[in-house]
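Reading the structure
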Amino acid sequence: MNSLTRRAFLEKLSAMAAGDLIVCAVAPGAHANDNPEPHISFPSAPRDRVAIASYPFRAYIESPGNRDRNPSLPGMDLIQFPAEVVKKFGVHNIEPHSRHFRSLDSDYLAKFRGELNKVNAIVVNIAVSTEASFYEPDLAARSKSIVSAKKWVDVAVTMGSPSIRTHIRPISNQSPDLQRTVETLREVVSYAAGKNVVVMLENDDLISEDAFFLVKVIEGVNHPYLRALPDFANSMLTGDADFNYRALQAMFQHAYCICHVKTGETGDHGKQFNIDLEKSFQILKASGYRGYCSMEYDAPGDPYAPTTKLVEQTIRYLS
């Protein structure tokens, strides 16, 4: 079972006996094709549904691909991150970012898995930045995005992660192309489905990853292994609160594995856009979403105290 670590497997057996584990599946008829639904089990207890993303801690993480490392702060390898999360937040689910992996060689990933096991932690998603855009006009360039995404699907299998979030890289001076994006992602998703890894799209970039564009992509691909990753505040960067909540509602209609919880987002020139956290969780609950909630505090300053508060708030709203 490549989506579960030894700990998660044992917990699954115990939870099934107790009757408190939710096996998530889409309602019959939700997809018009014959592709099988993901077979991934999620915990039902509020604290067990909480995850911590590495992205808020990017200033501390030492990695060749991490452009946000602050050398004036104490450093840690991503391998050390699970122990830090367990110690500081009492949470055992992590969501690493692709740029925070020091290496993808087998020895490094095996060591990472070993450290996860030591602290009884699991990877519940990998946030991936692909090397090219899925809607590149040039076929060769578009092929690079497929190779990159497939590589991270393989990493997810190695790490026991049930999903990856793949970024749709924008192209300067070019609007997103729906058909090219759909065709490209069909190949990625078909590959991922064969390994029981769900591919997710996040409302991150306001142009290439506009929430309503993503919904069109997901519906165009029409595969149960392509889902939405709703971010509570990214769509708020438009400055329109109503748009943000409509975007969040649209994304949760296609969500499955994980969402990003935050109280706001920082825009250009440090401007902070805040959202109504309670209202966002009401949208989550109304959708019937049963996946993980990843803490992704994203504002200047120390992320530790705000993340602790987000964990407490999330547990309260999920309860």
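One can find the structure itself at the top, above this paragraph.
Residues numbered from 1 in each chain as written. Predicted model: local features only at pLDDT ≥ 70, side-chain atom pairs only at ≥ 80, totals over all residues. Heavy atoms only, no water.

Side note on the pattern of salt bridges
Two side chains bearing opposite charge may form a pair once their charged atoms approach each other closely. Applying the stated criterion across every chain, the model contains 18 salt bridges. Ionic pairing is found between Glu84 and Lys88, a salt bridge with its closest N-O pair at 3.0 Å. In this pair, Glu84 and Lys88 both sit in helix H2 (residues 81–89), four residues apart, roughly one turn of the helix. Look at Lys88 and you get partly exposed, because its relative accessible area is 42%. (Salt bridge = Lys/Arg side-chain N within 4 Å of Asp/Glu carboxyl O. Helix = DSSP H or I, 4+ residues; strand = E, 2+ residues; numbered from the N terminus. Buried < 20%, exposed > 50% of the residue type's maximum accessible area, 1.4 Å probe, protein only.)

Regarding the side chain of Asp210
The residue Asp210 is located in the loop between strand S8 (198–202) and helix H6 (211–221) in this model. Buried within the structure, Asp210 lacks any salt-bridge partner; Lys216 is the closest side chain of opposite charge, at an N-O distance of 7.3 Å. There is a polar contact of 3.0 Å between the side chain of Asp210 and the backbone nitrogen of Phe213. The residues contacting Asp210, other than those within four sequence positions of it, are Asp205 and Phe243. (Lys, Arg positive; Asp, Glu negative; His and termini not counted. Polar contact = N/O pair within 3.5 Å; in protein donor to acceptor, adjacent residues only side chain to side chain. Contact = heavy atoms within 4.5 Å.)

Focus: the pairing of strand S9 (residues 226–229)
Neither face of S9 is exposed, since Leu226 and Ala228 on one face and Arg227 and Leu229 on the opposite face are all buried. In this sheet, S9 lies alongside S8 in parallel orientation, the contact comprising four bridges. Bridge pairing links Met200 to Arg227 in S9. Chirality of the crossover, the property in question, places the unit of S8, H6 and S9 among those that are right-handed. (Pairing = 2+ DSSP bridges. Right-handed = clockwise from strand over helix to strand, strands pointing away.)

So, the environment of Ser161
Residue placement: Ser161 occurs in the loop between helix H4 (139–159) and strand S7 (163–166). According to the relative accessible area criterion, Ser161 is buried, its value standing at 1%. Reaching out from Ser161, the side chain makes a polar contact with the backbone oxygen of Ser163 at a distance of 2.8 Å.

Looking at the packing of aromatic side chains
Tallied over the full model, the rule gives 14 aromatic pairs. Arranged with centres 6.3 Å apart and planes meeting at 65°, the rings of Phe232 and Phe252 form a pair that is edge-to-face. Of this pair, Phe232 sits in the loop between S9 and helix H7 (241–252) while Phe252 sits in helix H7; the two residues are 20 residues apart in sequence, bridging distant segments of the chain. Phe252 shares its class with Phe232; the two are buried. (Phe/Tyr/Trp six-rings, centres within 6.5 Å; stacked < 30°, edge-to-face > 60°.)

Re the layout of surface pockets
Taken as a whole, the largest pocket spans an internal volume of roughly 770 Å³. Listed by contribution, the elements that provide at least two residues to the lining of the largest pocket are H4 and strand S11 (264–266). With three residues, H4 is the largest single contributor of residues to the lining of the largest pocket. By residue class, the composition of the lining of the largest pocket is six nonpolar, eleven polar and 17 charged. (1 Å grid on protein atoms, 1.4 Å probe; cavity = no way out; pocket = protein on both sides within 12 Å on 5 of 7 lines; lining within 4 Å. Points joined across faces, edges and corners; volume = space filled by probe spheres on them. Nonpolar A, V, L, I, M, F, W, Y, C, P; charged D, E, K, R; others polar.)

Structural notes on the environment of Tyr60
Its location among the elements puts Tyr60 in the loop between strand S3 (50–53) and H2. A relative accessible area of 13% places Tyr60 in the buried class. The spacing of Tyr60 and Ser72 is twelve residues in sequence and 9.1 Å in space, taken between C-alpha atoms. Beyond its immediate stretch of four places on either side in the chain, Tyr60 contacts Arg69, Leu73, Pro74, Gly75, Met76, Asp302, Pro303 and Tyr304.

Some remarks on the sheet that holds strand S10 (residues 258–261)
If you walk across this open sheet you meet the five strands as S5-S4-S3-S13-S10, and the pairing is parallel. Since the sheet does not close on itself, it has two edges, and those belong to strand S5 (122–123) and S10, each with one partner. Summarising the sheet, S3 and strand S4 (residues 93–95) pair through two bridges and their orientation is parallel. Within S4, the position partnered with Ile52 by the bridge is Ile94. Of the strands in this sheet, S3, S10 and strand S13 (292–295) are in contact with helix H9 (residues 304–318), which crosses S13 at around 160°. (Axes fitted to C-alpha atoms, helices over the stretch in contact; angles between N-to-C directions.)

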